[in-house]
Amino acid sequence: MTTLYWDCSAGIAGNMAVASLLDLGVDPELLRKELAKLPFPEGKLVLHTRDIMKNGIRAKYFNTEDDEKPVHAPHPGVNGHTHCHDQQQDHDHAHDHTHCHEPGHAHAHDHAHDHGHDHPHDHKHDYDRGHDHIHDQTHDHKHGHSHAGEAPERGFREVRALIEAAGYRAGVTERALACFRALAGAEAEVHGATPDTVHFHEVGARDSIADIVGTAICLEELGVTAVHVSPVHVGRGFVRCCHGRMPVPAPATALLLRGYEMFSIPEVEGELTTPTGAALLQGLGAKNGMPAGFVAQKVGTGAGSREFPIPNILRAFLGEGRRGAMPGICEDEVVMLETNLDNATGELLGYAAERLWEIGVLDVTMSPLTMKKGRPGIALRVLTPPDLADQALALLFAELPTLGIRRQTVRRAVLHRESAEMKTSFGTVAVKNVTDPDGTVRCVPEYESLRRLAIETGTPLRDLMARMVKKISEAV
């Protein structure tokens, strides 16, 4: 399993994400050719990549021409881009936070754009960047950044049509659309609209689309199968938008970061995580924390545009996750739910177990125990994938007379296995090919498959099991 771990100690923005992946080894020319497939009516998309220094650290910088070339003079008092920038702008790099805009995005965002943030920081550069969008953005925000002419307003449907028309591999299209779908949902929730009626102002601009699609392209090239993320630095203070001053994280960003650990520090003021960056985490299904047994083989560093007291970089660690020390052994994490019961009937316990198996838990066990006052009881333990834990917990409270359930995340070691089928004289049997710690592979027949054949053929189950053992030994 190829795993990507993003260290968001300085937040995350769309262009920073792309830059960090380019620094892992993705060919910039390949990215250029792939992004050129997007049929933008505004014309050719020009990209910029280069190495820059951030607080003495070399990092890769990525941006689009749209976001780099100033089209208007900066408005006084506006940070350039409106909020985004905030985060990043270095000035010349416009994007960086890409999202920023992006963000502004959809949300009509107001925010993004104009955000300009008011923050003190505004760095001189900020202006420098000026941002194209600034203006345009800040302006009516109707269109995304600064493109030489007016950029068309786009909603989720228009963005989806653009991406689908490009003819990307399925993995690229699915990842990009998942991110835009997450962003559309957040924007709709902020503005009391529906995902299909929300317009991506800044995020509908070419630079924001390039950030999200570019990230999907890079992940596909790197063969990434899982994304994990550190606690996310969101920044602090306020950003200015069409609706006035908004607290950091901006409304859409806050919604997109639900389920992720966030933090801020007093030394850094400004917007560090933009809506686009947050949409990437949500759309890619990034999991909290470094995976168990993670071994990094490469480290890529993406640069933001602005200067802060901390390095304005996003680090990407690429490696193998969830692997044990021995061949054939993988490690992962599951949720364990436990409760002790002395007032549940056998019928209730059996019914609850059946329901748990139906929703897909990994294991349900019951053990007798002695409880207070000498009462006989049952210790119920459930192992479940993390994404089913809440559903399993709710089912236990609904079906059993328990007042409390212990919940903990545990690491487990499992042998690698692959599903297969074996042709036999009495029918096809489903089997698992299991890899042992010494690297040898053994075949294990699936009980339910043998049970089905026993009933269909009228053959005793123990006879079928014995014949399968013989056939497997002969095959070896």
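Residues numbered from 1 in each chain as written. Predicted model: local features only at pLDDT ≥ 70, side-chain atom pairs only at ≥ 80, totals over all residues. Heavy atoms only, no water.

(A) Structural view of the overall build of the chain. If you tally the helices and strands in the chain, you get 17 helices and 22 strands. Out of the 476 residues in the chain, the part that is buried amounts to 53%. Of the contacts formed within the chain by residues at least 6 apart in sequence, a portion of 73% connects residues at least 24 apart. Surface accessibility of the chain: about 20000 Å² in total, with carbon and sulfur atoms responsible for 53%. (Helix = DSSP H or I, 4+ residues; strand = E, 2+ residues; numbered from the N terminus. Buried < 20%, exposed > 50% of the residue type's maximum accessible area, 1.4 Å probe, protein only. Contact = heavy atoms within 4.5 Å. Areas by Shrake-Rupley, 256 points an atom, 1.4 Å probe, with all protein chains shown as cover.)

(B) Just the nonpolar core, in detail. Counting residues in hydrophobic clusters, the biggest one holds 63 residues, and the most contacted among them are Leu4, Trp6 and Leu35. Residues Leu349, Val361, Val364 and Leu395 belong to the second largest nonpolar core, which totals 19 residues. (Core = buried A, V, L, I, M, F, W, Y, C linked by side-chain atoms within 4.5 Å.)

(C) Structural detail: the pattern of salt bridges. In this structure the tally under the stated criterion is 21 salt bridges. The closest approach of N and O atoms between glutamate 338 and arginine 406, which form a salt bridge, is 3.8 Å. Here arginine 406 lies in strand 19 (residues 406-415) and glutamate 338 lies in strand 16 (residues 329-341), a separation of 68 residues in the sequence. Judged by its relative accessible area of 43%, arginine 406 is partly exposed. (Salt bridge = Lys/Arg side-chain N within 4 Å of Asp/Glu carboxyl O.)

(D) Seen up close, the packing of helix 16 (residues 447-457) against helix 17 (residues 461-475). Two elements in contact, helix 16 and helix 17, have axes whose closest approach is 9 Å; the angle formed by their N-to-C orientations is 125°. One finds that helix 16 runs oblique with respect to helix 17. Helix 16 and helix 17 meet at a crossing whose hand is right-handed. From helix 16, Tyr447, Leu450, Arg451, Leu453 and Ala454 reach across to helix 17, where they touch Leu461, Leu464, Met465 and Met468. Across the contact of helix 16 with helix 17, the residue classes tally to eight nonpolar, no polar and one charged. (Axes fitted to C-alpha atoms, helices over the stretch in contact; angles between N-to-C directions. Parallel < 35°, antiparallel > 145°, perpendicular 65-115°, else oblique. Left-handed = near helix turned anticlockwise from the far one by under 90°. Nonpolar A, V, L, I, M, F, W, Y, C, P; charged D, E, K, R; others polar.)

(E) Highlighting the pairing of strand 22 (residues 441-445). Note that strand 21 (residues 427-435) and strand 22 share five bridges and pair antiparallel. Across the sheet, the residue bridging to threonine 435 is valine 441, located in strand 22. A loop of five residues connects strand 21 with strand 22, the two strands running antiparallel in sequence, and glycine 439 in this loop sits at a positive phi of about 95°. (Pairing = 2+ DSSP bridges.)

(F) Local environment of the sheet that holds strand 19. If you walk across this open sheet you meet the four strands as 17-18-16-19, and the pairing is antiparallel. Edge strands, defined here as strands with exactly one partner in the open sheet, are strand 17 (363-370) and strand 19. Strand after strand, the sheet turns through a mean of 30° between neighbouring axes, direction not considered. Relative to strand 19, strand 16 is paired through ten bridges, and the arrangement is antiparallel.

(G) Expanded view of the side chain of threonine 402. Of note, threonine 402 is situated in the loop between helix 15 (389-399) and strand 19. At 2.9 Å, the side chain of threonine 402 forms a polar contact with the backbone oxygen of glycine 404. Excluding its chain neighbours within four sequence positions, the residues that come into contact with threonine 402 are Thr339, Leu341, Leu396 and Phe397. (Polar contact = N/O pair within 3.5 Å; in protein donor to acceptor, adjacent residues only side chain to side chain.)

(H) The arrangement of the packing of aromatic side chains in detail. Counted under the stated rule, the structure contains two aromatic pairs. Measuring from ring centre to ring centre gives 6.5 Å for tyrosine 5 and phenylalanine 294, while their planes differ by 50°; the resulting arrangement is tilted. Of the two residues, tyrosine 5 sits in strand 1 (residues 2-7) while phenylalanine 294 sits in the loop between strand 13 (287-288) and strand 14 (295-303), which places them 289 residues apart along the sequence. With a relative accessible area of 10%, tyrosine 5 lands in the buried category. Each ring, one from tyrosine 5 and one from phenylalanine 317, has its centre 6.1 Å from the other, and the planes form 50°; the classification is tilted. Placement of the pair is tyrosine 5 in strand 1 and phenylalanine 317 in strand 15 (residues 313-320), with a sequence separation of 312 residues. For the pair tyrosine 5 and phenylalanine 317, a shared accessibility class is recorded, and that class is buried. An aromatic cluster is present here, built from Tyr5, Phe294 and Phe317 joined pairwise through their rings. Cation over ring: arginine 206 sits above phenylalanine 40, and NZ or CZ is 5.6 Å from the ring centre. (Phe/Tyr/Trp six-rings, centres within 6.5 Å; stacked < 30°, edge-to-face > 60°. Lys NZ or Arg CZ within 6 Å of the ring centre and 35° of its normal.)

(I) Summary view of the environment of alanine 398. Secondary-structure assignment places alanine 398 in helix 15. Alanine 398 sits in the exposed class, given a relative accessible area of 62%. Sequence spacing of alanine 398 and alanine 352 is 46 residues, and the spatial spacing of their C-alpha atoms is 9.3 Å.

(J) Inspection of the layout of surface pockets at higher detail. Its volume calculated, the second largest pocket comes out at about 170 Å³. Along the walls of the second largest pocket sit Thr339, Asn340, Leu341, Asp342, Asn343, Met371, Arg375, Pro401, Thr402, Leu403 and Gly404, which together make up its complete lining. Split by residue class, the lining of the second largest pocket holds four nonpolar, five polar and two charged. (1 Å grid on protein atoms, 1.4 Å probe; cavity = no way out; pocket = protein on both sides within 12 Å on 5 of 7 lines; lining within 4 Å. Points joined across faces, edges and corners; volume = space filled by probe spheres on them.)

(K) A look at the sheet that holds strand 22. Here we have three strands laid out as an open sheet, ordered 20-21-22, and antiparallel in their pairing. Two strands in the sheet have a free side with no partner beyond their single neighbour: strand 20 (417-424) and strand 22. For this sheet, the mean angle separating the axes of adjacent strands, direction not counted, is 35°. Packed onto the sheet, helix 16 meets strand 21 and strand 22 and runs at close to 165° relative to strand 21.

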